[in-house]
Amino acid sequence: MENTILITPAECMKILGVGRNRLYEDLLKRKDFPSLKLGKRIFINRELLQEWANNQCKFK
């Protein structure tokens, strides 16, 4: 898991500490969230996820 560029939604939920509903009904629908769809599968860019989370903290 540590060396992959793209992670699965399940891995993303663990990293962010959010549930399935929050990820699928909120985060994956956001234009600024670093996700992409390959075929029918959804992936999240690990590096951009960290960057995205850092940026969210700046808006407090």
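Residues numbered from 1 in each chain as written. Predicted model: local features only at pLDDT ≥ 70, side-chain atom pairs only at ≥ 80, totals over all residues. Heavy atoms only, no water.

Chemist: Can you explain the state of the cysteines? Please cite residues and give values.
Modeler: What the rule picks out here adds up to 0 disulfides. Residue C12 stays outside any disulfide, its sulfur separated by 14 Å from that of C57, the closest cysteine. C12 gets classed as buried once you look at its relative accessible area, which sits at 0%. On the accessibility criterion, C57 (53% relative accessible area) is exposed. (Disulfide = S-S within 2.5 Å. Buried < 20%, exposed > 50% of the residue type's maximum accessible area, 1.4 Å probe, protein only.)

Chemist: Requested: an account of the environment of G39, with residues and values cited.
Modeler: Within the secondary structure, G39 sits in the loop between β2 (35-38) and β3 (41-45). Judged by its relative accessible area of 67%, G39 falls in the exposed class. With 14 residues separating them in the primary sequence, G39 and E25 have C-alpha atoms 20 Å apart. (Helix = DSSP H or I, 4+ residues; strand = E, 2+ residues; numbered from the N terminus.)

Chemist: So what's going on with the pairing of β3? Residues and values would help.
Modeler: Across 2 bridges, strand β1 (residues 6-7) lies against β3 in antiparallel orientation. Counted as the bridge partner of L6 is N45 from β3. Strand direction decides the pairing type here: β2 and β3, joined by 4 bridges, are antiparallel. Residue L36 lies in a different strand from β3, and its bridge partner there is F43. Here β2 folds back onto β3, and the loop between the two strands holds 2 residues, one of which, G39, carries a positive phi near 65°. (Pairing = 2+ DSSP bridges.)

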